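Take a look at the letters that make up each chain.
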Amino acid sequence: MAGYNHLFIPGPTNVPERVRMAMNVPMQDMRAPDFGDLTIPLFEKVKQVFRNETGRVFLYPSSGTGAWEAAIQNTLSPGDKVLMSRFGQFSHLWVDMARRLGLDVDVIDRPWGEGVPVEAYAERLRADRAREYAAVFVTHNETATGVTSDVGAVRKALDETDHPALLMVDGVSSVGSIPFDQEGWRVDCCVSGSQKGFMLPAGLGILSISKWALDAHKRAGFPRTFFSFEDMMAHNDNGYFPYTPATQLLRGLDVSCDILLEEGLETVWARHHRLASGVRAAIDAWGLKLCAAEEKWQSDTVSAVVVPEEVDARDVIARAYTAYDTSLGTGLSKVMGKVFRIGHLGWLNEGMVNTALAVAEMAMIDSGIAIEPGSGVGAAIDHFTRTPAGKIAEA
Ligand code: PLP
């Protein structure tokens, strides 16, 4: 097909040219005496993106799922009781992993479209006088449903009950895109991956931990090898890794952190909010709804659009791909066929969002959904032209 193809899935996201160029280098010796010139400053830059001032980061040659596992194995012990909630495919999978590893999971199920039930968490924490919960888990941005939860409110619930549980956060589709404050929220383990807000190919599991997580690590009883913090620290302190690192991805990460920090995290967050608000204006103009059940949960990195009941969202996605060379995100598991997702995170601007909306509109019309041509794109244009760039738009 002539022209560029377009990628509007919620990860992997579009890779900036500067990042691609930085990775286009000959293979390098990961034991060279100057390897630490790349990695030691890189660890510090990555910490800045998490707003982690007093902890440290680990860069595993894995994906986000590996960093989920690293967080559990290195800070908890088999049989530990933990508090989790499940309201989408990724929160579901983290619960599944925790159970398969042998944690005693107290899980609160919420309808898909809702987020972390902060009040229910607070109640359980208040009732836990024996301080049995070793950790509380939060999926910050549920990518399957386009729902963002309030991590700060969970920290508040822990503080109000003076509960010592670790705070474990999945920031795979939030860090580097929407407000995240590891130090302020005292997040003990924050899991991320390279292919979303970090604007890289998949291949790095990024884990940012607090100094309290390092203390917990000394008591943690899970066996671990590949993901071992000890092994990582022993090598990372000198700029090296216990095994072959993904050197090209580290080169790319170095530049993607530069790009994020040069733009400024607040500006990056405001850009994501502005672009997401444009997408939401379009969805509204189409007369469709988001999967996110309430405004407070609407994600600024991904929108899951609910299609009319008589339509299969997979047809919309297939049409966008085959006729218009554009990838939209599919519905996962329970919402398969019911939603399509527009990923609006990473290296993205208004023109790209308008393209995503125009293609979604064409694919929906082709799939038999009654949409006024141009209605969504028009609403987004109206939104973008009324809201000066760089300012946080009214929702
Ligand atoms: N958590 C969330 C919120 C995700 O969106 C994803 C992937 O999309 C994962 C975890 C799993 O990450 P990975 O696919 O990099 O293993």
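Keep in mind the model is a prediction, meaning the values are calculated, not measured.

Criteria and thresholds
- Counting restarts for each chain: residues are numbered from 1 in the order of the written sequence.
- For this predicted model, a pLDDT threshold of at least 70 governs which residues receive local features, and a threshold of 80 or more governs which side-chain atom pairs are given and counted, while totals over whole chains, interfaces and linings are taken from all residues.
- Helical segments are the DSSP runs of H or I of at least four residues, strand segments are the runs of E of at least two, and each set is numbered from the N terminus.
- Within these notes, the globule rule equals 2.2 Å times the number of residues to the 0.38 power, and the radius of gyration is based on C-alpha atoms.
- Exposure classes come from backbone-placed C-beta atoms, where a residue is buried if 20 or more other C-beta atoms lie within 10 Å of its own, exposed if 12 or fewer do, and partly exposed in between.
- We call two residues in contact whenever the C-beta atoms placed from their backbones are within 7 Å.
- For two strands to be treated as a pair, DSSP must find at least two bridges joining them.
- The axes are straight lines fitted to the C-alpha atoms, using for helices just the contacting stretch, and the angles between their N-to-C directions are given from 0 to 180°.
- UniProt positions are given in the numbering used here, feature names are shortened, and annotations may be inferred rather than shown by experiment.
- Bear in mind that the domain bounds are from an automatic or database domain assignment.
- Only Asp, Glu, Lys and Arg are considered charged in this grouping, and only Ala, Val, Leu, Ile, Met, Phe, Trp, Tyr, Cys and Pro are considered nonpolar; every other residue, Gly among them, is considered polar.
- One number per residue, pLDDT, summarises how confident the predictor is, and it ranges from 0 to 100.

**Some remarks on the overall build of the chain**
For step 1, the next point in the chain: Per the secondary structure count, the chain includes 13 helices and 14 strands.
For step 2, the next point in the chain: Here the C-alpha radius of gyration of the chain, 21 Å, is about what a compact globule of 395 residues would show, namely 21 Å.
For step 3, the next point in the chain: Relative to its full complement of 395 residues, the chain shows a buried share of 50%.
For step 4, the next point in the chain: Taking as baseline every contact in the chain between residues at least 6 positions apart, the subset at least 24 positions apart corresponds to 75%.

**Overview of the sheet that holds strand β9 (residues 189-193)**
For step 1, the next point in the chain: Taken in spatial order, the seven strands make up an open sheet running β2-β10-β9-β8-β5-β3-β4, and their pairing is mixed. A strand with exactly one partner marks an edge of an open sheet, and here the two such strands are β2 (56-60) and β4 (104-109). Put simply, the sheet's adjacent strands are angled 20° from each other on average, direction ignored.
For step 2, the next point in the chain: Relative to strand β8 (residues 166-170), strand β5 (residues 133-139) runs parallel, the two sharing five bridges. Each bridged residue has a counterpart across the sheet, and for Ala135 the counterpart in β8 is Leu166.

**Some thoughts on the UniProt feature "modified residue: N6-(pyridoxal phosphate)lysine" (unreviewed entry) in the chain**
For step 1, the next point in the chain: UniProt records the feature "modified residue: N6-(pyridoxal phosphate)lysine" (unreviewed entry) for Lys196 in the present numbering.
For step 2, the next point in the chain: Secondary-structure assignment places Lys196 in the loop between β9 and β10 (205-209).
For step 3, the next point in the chain: Residues in contact with Lys196, not counting those within four places in the same chain, are Pro10, Gly11, Thr13, Val172, Ser173, Leu345 and Gly346.

**As for the domain arrangement of the chain**
For step 1, the next point in the chain: Segmenting the chain into domains produces domain 1 (6-12 + 264-386) and domain 2 (17-262).
For step 2, the next point in the chain: For domain 1 and domain 2, the distance between their C-alpha centroids amounts to 27 Å.
For step 3, the next point in the chain: Listed as interface residues are 27 residues of domain 1 and, on the opposing side, 25 residues of domain 2.
For step 4, the next point in the chain: At the level of secondary structure, the elements contributing two or more residues to the side of domain 1 that touches domain 2 comprise α10 (265-286) and β12 (302-306).
For step 5, the next point in the chain: Element by element, the count of residues in the side of domain 1 that touches domain 2 is highest for α10, at four residues.
For step 6, the next point in the chain: Residue composition of the side of domain 1 that touches domain 2, by class: 16 nonpolar, eight polar and three charged.

**Regarding the UniProt feature "domain: Aminotransferase class V" (unreviewed entry) in the chain**
For step 1, the next point in the chain: With numbering matched to this structure, UniProt assigns "domain: Aminotransferase class V" (unreviewed entry) to residues 44-316.
For step 2, the next point in the chain: Note that residues 44-316 is 41% helix and 18% strand, and that its end C-alpha atoms are spaced 43 Å apart.

**Quick look at unusual backbone geometry**
For step 1, the next point in the chain: In this structure, the amide linkage connecting Gly11 to the following residue, Pro12, adopts the cis form with an omega of 0°.
For step 2, the next point in the chain: Along the chain, the position of Pro12 falls in the loop between β1 (6-8) and α1 (17-23).
For step 3, the next point in the chain: Non-glycine residue Met199 carries a positive phi angle of around 60°.
For step 4, the next point in the chain: Turning to its location among the elements, Met199 is positioned in the loop between β9 and β10.
For step 5, the next point in the chain: With 29 C-beta atoms packed within 10 Å, Met199 lands in the buried category.
For step 6, the next point in the chain: Positive phi outside glycine occurs at Ser333, with the angle close to 50°.

**As for the confidence of the model for the chain**
For step 1, the next point in the chain: Averaged over every residue, the pLDDT of the chain is 97; the share at 70 or more is 98%.
For step 2, the next point in the chain: Interface predicted TM-score (ipTM) for the complex: 0.99; the corresponding pTM is 0.97.

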